[in-house]
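Per-entry structural report
Listed below, chain by chain, are the residues.
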Amino acid sequence: MYRLAIAVALIVGLEPAPVEVPGRINYLGVASLDPEGSIRTAIMQLRDEGRERPYALGERLAEAGIDELHQHLDSGRSMREFLSQLTEFRRT
Amino acid sequence: MRGSSASEKMLEALMAVRADKFPSVPEDLLVRVFELEQEAQYETERGPTQAMLRDLIVDWGDD
Amino acid sequence: MEDFGIFYGSQALDLDAGLYVVHGENGRGKTTIINAIKWVFFGRFEDRQGRTVDPKGILNRDAKREGSTKFSVGLTLTDDDGVKTIARRTWEASGDGGLYVERDGKPLNQAEAEITLQNYLEKNVARFFLFDGEQLREYEELLFEEDEATQSEAVRRSIEQILGLPVLEQAITDFRAVDKDFEGKITKLARRTGKTEKLSRMVEQLETEVAEARKDLKGLEGLRDAEQEKVDQAATVLQENEAAQELVNQMEALQVQLETLTSQREERVADRKRELADTWEDALAIAVAPRREALEAEVEAHEVAARAAYDAEQIERSLAKIACDLCGQDLGDEVVARLRARLDQIELGEAEDGGHDPRQELAALLRITRSGAISRAIAFDERISEANTKRVGLEQDMEKIRDEIGRAPTDDIRVAGDQHAKSLEQIGAIKKQIEDAEAAINEKERKRRDLVQEISSNSDDDGEMKALKERDKLAADLADLFAEARAGFRDNLRGQVERDASDIFLRLTTDPNHLGLRINTGYGLETIGPNDEVFPTRSAGQEQIVALSLIGALNRNATRQAPVMMDTPFGRLDKRHRAKVLAFLGEMADQVFLLVHSAEVDEADLKAIAPHIKEELSLKRIDSFRTEIRRFEANG
């Protein structure tokens, strides 16, 4: 879910959550979470402004991604719709 | 007893078999044992009937 | 009848020879009258579901309210010789009730009483004289069985009993016993002489063994009959509830579908979960796609620029030398002009150097690929939704069926089905054991006879021995004679029953394609049409007519005649069939007793046979728990 949330944030172009939000998400070991470094690569190429470590940014992006998913589900729509929309997403 | 026609048919059948295959069996004995069997048809205890048949056969032998 | 069922107090029916018609609406006691007769003969009777009725419930309710604790039914039977048999069976709440039978004025003891009644109407035979038109199932088992192996033994035996065959069978048994008796005497006599002592002893040994074996055989036969009764009872329940059984089957099929669906759904849920765990990779690939495309464009542009730069370099070198850089040939003015123009073009399109190497970045991004997990997760999710919808549909169907089954005793049906199958299996096994036992007994008998033969030929023929041998032969001959007569007689009789049944059937049926009935060795009846074809199915009404034909034929050929009582015999017949059956019923027996309700038979129907009717009675409603037997009045 965490990794998906990061990807969602990247796809949609979400603003990362502010640093001060008490993290619901636990930062897991990088080795298990991102063994090929693909998340790090994606964050660095898409959003990195050199101001913070990619994984720290990743945490905040994940937070934003989860919010986005929750908003979607709360409005009564399904996970399936959410995933579908992801595949069709094209940032203008 | 209305059953006479059925009984008659039975006796006829018996007589026919006698004539054909068992000529040594006396006709009148056959008639008598058949009558006996009819009277005893609902007895569950066959002992008494068999005793009577035995006696009949012995008597006929003595003739 | 005294306080029996719906008949309060003491009510009697005084019947002579002839045709009686008793009118009564449903619930007024028509079936009760037949049950009263069954009560006297058998001490019990069954309800429509085949279950024995508890005597407590038979006592008339008004009588019970007044404090009465007993009921009884008395029957007076007069045979052709004018001998009167009076029987009364009483039930007492305290358990003191019992059977009283008097024949020709002399009271009989309990054993004699029961036997006398059995002589008059044995349980298996009752169905041919106390005919319940509503309970066709009893006849269906009789009439539908083409397979002799499954045909109820009891039914076949009861028909043969009506036809008088047991007389011959018993004669055979008796003579064989007498034969053995004489052989025993021969053996004993032979022992005295000492020559054949050993043989005699062997004979006696065999006789003991055979006696034992016969006891065991009887036991087996008892077991078989007990299982057969279970089969018959179960078959009754099943046939009564055929429609419910069908619904139960449907329900079970749906249950299986539901279980399959549920397990498939669970598998899809597991699949979806698995794919969901990998969707992040897919999503990540989607996220980086625009950037990747941009980088690919950059890389492409770089390469185009690099190629252009290279070309420019080549051209400049050539222009400087005014000779082709490759082949060394002198360039002409025309060529020079073209090359110059080309150089201008290239120089116009030079790419910028962004300052970073897009190829390295692109290589990193290319490692992030679509795995298809999202599409698959979506697909599984769709399948799960479908399964959910289907499940709801199945559950709705099952609910509908559950309602339809309603109060049908599905547990009873299931139990009956299991019992039926189980008992049939048991019967098969027991039959095999019986066969083996009989074979073993026959073998021993054969040996015994051989030994007796040996004794006989080895013994001196003095007067006594000679006489014994003659008697023995006579007994044996008589046994064989009856055996042979029986076989032929039975076939003839069956043929006669077939002819009579066919004859009656043609009088009752209205279908011109019906040409007759055919009987099989189990006394099952088939309807025959043109070209000797058998009709595979019969409607309920046709079944009733075939049943009536068989009953009529049996009555005609029976050794003893009995009154025939029919409860709602016209229930399933249409008007034309009704008219034909009514016209025939009067001749079915010396005494015919019809119990009908007004919807079955109307005045017009009865008018047609009025001259044959001895008396008409009606069952008059006094209140909910009381009926009185009255003379019939047209407007009553």
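Residues numbered from 1 in each chain as written. Chains lettered and ligands numbered in written order. Predicted model: local features only at pLDDT ≥ 70, side-chain atom pairs only at ≥ 80, totals over all residues. Heavy atoms only, no water.

**Section: the overall build of chain C**
Broken down by element type, chain C carries 17 helices and 14 strands. A buried classification covers 43% of the 636 residues belonging to chain C. (Helix = DSSP H or I, 4+ residues; strand = E, 2+ residues; numbered from the N terminus. Buried < 20%, exposed > 50% of the residue type's maximum accessible area, 1.4 Å probe, protein only.)

**Here's the deal with the nonpolar core**
Formed by 120 residues in total, the largest nonpolar core has its most connected members in Val 33 of chain B together with Phe 4, Phe 175, Leu 478, Phe 482, Phe 570 and Leu 594 of chain C. With 16 residues, helix α14 (residues 463-508) of chain C is the largest single contributor of residues to this core. Leu 33 of chain A together with Ala 285, Leu 365 and Ala 377 of chain C belong to the second-largest nonpolar core, a separate cluster that totals 38 residues. (Core = buried A, V, L, I, M, F, W, Y, C linked by side-chain atoms within 4.5 Å.)

**Examining the pairing of strand β4 (residues 70-78) of chain C**
Residues and elements named next belong to chain C. Relative to strand β5 (residues 84-92), β4 runs antiparallel, the two sharing nine bridges. Across the sheet, Thr 76 pairs through a bridge with Ile 86, a residue of β5. Between the end of β4 and the start of β5, which pair antiparallel, lie five residues, with Gly 82 showing a positive phi angle near 85°. (Pairing = 2+ DSSP bridges.)

**Focus on the packing of helix α1 (residues 2-12) of chain A against helix α9 (residues 242-321) of chain C**
Close contact between α1 of chain A and α9 of chain C brings their axes to 8 Å; oriented N to C, the two are set at 20°. As judged from the angle between their axes, α1 of chain A and α9 of chain C are roughly parallel. Of the two possible hands of crossing, α1 of chain A and α9 of chain C adopt the one that is left-handed. From α1 of chain A, Arg 3, Leu 4, Ala 7, Leu 10 and Ile 11 of chain A reach across to α9 of chain C, where they touch Ala 277, Thr 279, Trp 280, Ala 283, Leu 284, Ile 286 and Ala 287 of chain C. (Axes fitted to C-alpha atoms, helices over the stretch in contact; angles between N-to-C directions. Parallel < 35°, antiparallel > 145°, perpendicular 65-115°, else oblique. Left-handed = near helix turned anticlockwise from the far one by under 90°. Contact = heavy atoms within 4.5 Å.)

**So, the interface of chain A and chain C**
Taken together, the contacts link 18 residues of chain A with 22 residues of chain C. For the pair chain A and chain C, the interface holds one salt bridge. We note a salt bridge from Arg 80 of chain A to Asp 381 of chain C, for which the minimum N-O separation is 2.6 Å. For the pair chain A and chain C, the number of links is four residue pairs in polar contact (both at pLDDT 80 or more). Among the elements of the structure, α1, α3 (38-46) and α5 (79-88) of chain A are those that each provide at least two residues to the side of chain A that touches chain C. Partitioned by chemical class, the residues of the side of chain A that touches chain C number eleven nonpolar, five polar and two charged. (Salt bridge = Lys/Arg side-chain N within 4 Å of Asp/Glu carboxyl O. Polar contact = N/O pair within 3.5 Å; in protein donor to acceptor, adjacent residues only side chain to side chain. Nonpolar A, V, L, I, M, F, W, Y, C, P; charged D, E, K, R; others polar.)

**Quick notes on the confidence of the model for chain C**
Residues and elements named next belong to chain C. Summarising the model, chain C shows a mean pLDDT of 84, and 91% of its residues fall at 70 or more. Mean pLDDT in chain C bottoms out at helix α5 (residues 137-144), which sits at 57, and peaks at strand β1 (residues 2-4), which reaches 94. Reported confidence for the predicted complex is 0.93 by ipTM and 0.54 by pTM. (pLDDT = per-residue confidence, 0-100.)

**Quick notes on the pattern of salt bridges**
Residues and elements named next belong to chain C. Under the defined criterion, the tally for this structure stands at 55 salt bridges over all chains. Between Glu 46 and Arg 44 there is a salt bridge, with the nearest N and O atoms lying 2.7 Å from each other. Of the residues examined, Arg 44 reaches a relative accessible area of 29% and is grouped as partly exposed. Between Arg 507 and Glu 587 there is a salt bridge, with its nearest N and O atoms 2.8 Å apart. You can see Arg 507 sitting in helix α14 and its partner Glu 587 sitting in the loop between α16 (575-585) and β12 (591-596), a full 80 residues away along the chain. By relative accessible area, Arg 507 is classed as partly exposed at 34%. Residue classification places Glu 587 among the partly exposed residues on the basis of a relative accessible area of 45%.

**A word on the environment of Leu 29 of chain B**
With respect to the element layout, Leu 29 of chain B can be found in helix α2 (residues 27-39). With 27 residues separating them along the chain, Leu 29 of chain B and Leu 56 of chain B place their C-alpha atoms 7.8 Å apart. If we ignore the near neighbours within four places in the chain, the residues touching Leu 29 of chain B are Leu 56 and Trp 60 of chain B together with Leu 474 and Leu 478 of chain C.

**Describing the interface of chain C and chain B**
Between chain C and chain B, the contact holds 37 residues from the first and 34 residues from the second. Between chain C and chain B, the buried area comes to about 3,300 Å², and carbon and sulfur atoms account for 67% of it. Counting the surface chain C buries against chain B, the share from its top three residues, Val 167, Asp 174 and Leu 481 of chain C, is 18%. Two residues, Asp 174 of chain C and Arg 46 of chain B, come together in a salt bridge whose shortest N-O distance is 2.7 Å. Between chain C and chain B we count four residue pairs in polar contact (both at pLDDT 80 or more) in total. Of the residues belonging to the side of chain C that touches chain B, the class tally is 17 nonpolar, eight polar and twelve charged. (Buried area = accessible area lost by both parts, 1.4 Å probe.)

**Some words on the packing of aromatic side chains**
Residue and element names in this part refer to chain C. If you walk through the whole model with that rule in mind, you get seven aromatic pairs over all chains. With 6.1 Å between their ring centres and 55° between their planes, Phe 4 and Phe 45 make a pair best called tilted. Here the residue Phe 4 occupies a position in strand β1, and Phe 45 occupies one in the loop between α1 (30-42) and α2 (61-65), the gap between them amounting to 41 residues. By relative accessible area, which is 7% here, Phe 45 ends up buried. Among the aromatic residues, those joined into a cluster by ring pairs are Phe 4, Trp 39, Phe 45, Phe 71 and Trp 91. Arg 626 extends its terminal NZ or CZ atom over the ring of Tyr 8, reaching a point 3.8 Å from the ring centre. (Phe/Tyr/Trp six-rings, centres within 6.5 Å; stacked < 30°, edge-to-face > 60°. Lys NZ or Arg CZ within 6 Å of the ring centre and 35° of its normal.)

**Things to note about helix α12 (residues 373-405) of chain C**
Taking 1.5 Å of rise per residue, the 33 residues of α12 of chain C would be expected to cover 48 Å, and the 47 Å separating its terminal C-alpha atoms lies within 8% of that figure. Those residues of α12 of chain C that sit buried are Ala 373, Ile 374, Ala 377, Ile 378, Phe 380, Asp 381, Ile 384, Ala 387, Leu 394, Met 398, Ile 401 and Ile 405 of chain C. Lining the buried residues of α12 of chain C we find α5 of chain A together with α9 and α13 (410-458) of chain C. Directly after α12 of chain C, the chain includes Gly 406 of chain C, whose backbone phi takes a positive value near 50°. (Expected span 1.5 Å × (residues − 1).)

**Topic: unusual backbone geometry**
Residue and element names in this part refer to chain C. Located in the positive-phi region is Asp 3, a residue other than glycine, with phi close to 50°. Mapped onto the elements, Asp 3 comes out in strand β1. We note that Asp 104 has phi near 55°; this positive angle belongs to a residue other than glycine. With respect to the element layout, Asp 104 can be found in the loop between β6 (99-103) and β7 (106-107).

**Things to note about the packing of α2 of chain B against α14 of chain C**
Interaxial distance between α2 of chain B and α14 of chain C falls to 12 Å at its minimum, and their mutual angle equals 65°. Comparing the axis directions of α2 of chain B and α14 of chain C gives the class roughly perpendicular. Read as a crossing pair, α2 of chain B and α14 of chain C show a hand that is right-handed. Here Leu 29, Leu 30, Val 33 and Phe 34 of chain B of α2 of chain B lie close against α14 of chain C, whose contacting residues are Leu 474, Leu 478, Leu 481 and Phe 482 of chain C. In terms of residue class, the contact of α2 of chain B with α14 of chain C is built from eight nonpolar, no polar and no charged.

**Looking at the environment of Val 592 of chain C**
All names here are of chain C. Note on placement: Val 592 falls in strand β12. Counting along the chain gives 463 residues from Val 592 to Phe 129, while the straight-line C-alpha distance between them is 9.4 Å. Not counting the four nearest positions on each side in its chain, Val 592 is found in contact with Gly 18, Leu 19, Tyr 20, Val 564, Leu 585 and Gly 586.

**Overview of the side chain of Glu 92 of chain C**
Residue and element names in this part refer to chain C. With respect to the helices, strands and loops of the structure, Glu 92 is situated in strand β5. One buried charged residue, Glu 92, forms no salt bridge at all, with the nearest opposite charge on Lys 70 at 4.8 Å. With sequence-adjacent residues up to four places away left out, Glu 92 is seen in contact with Thr 69, Lys 70 and Gly 97. (Lys, Arg positive; Asp, Glu negative; His and termini not counted.)

**Focus: the side chain of Ser 38 of chain A**
Along the chain, Ser 38 of chain A falls in helix α3. Aside from chain neighbours lying at most four places away, what touches Ser 38 of chain A is Trp 280, Leu 284 and Ile 368 of chain C.

**Here we look at the pairing of strand β2 (residues 7-10) of chain C**
Residues and elements named next belong to chain C. Of the strand pairs in this sheet, β1 and β2 are connected by two bridges, and their pairing is antiparallel. Its bridge partner lying in β2, Phe 4 is registered against Phe 7. Hairpin connection of β1 to β2: two residues between the antiparallel strands, including Gly 5 at a positive phi of 60°.

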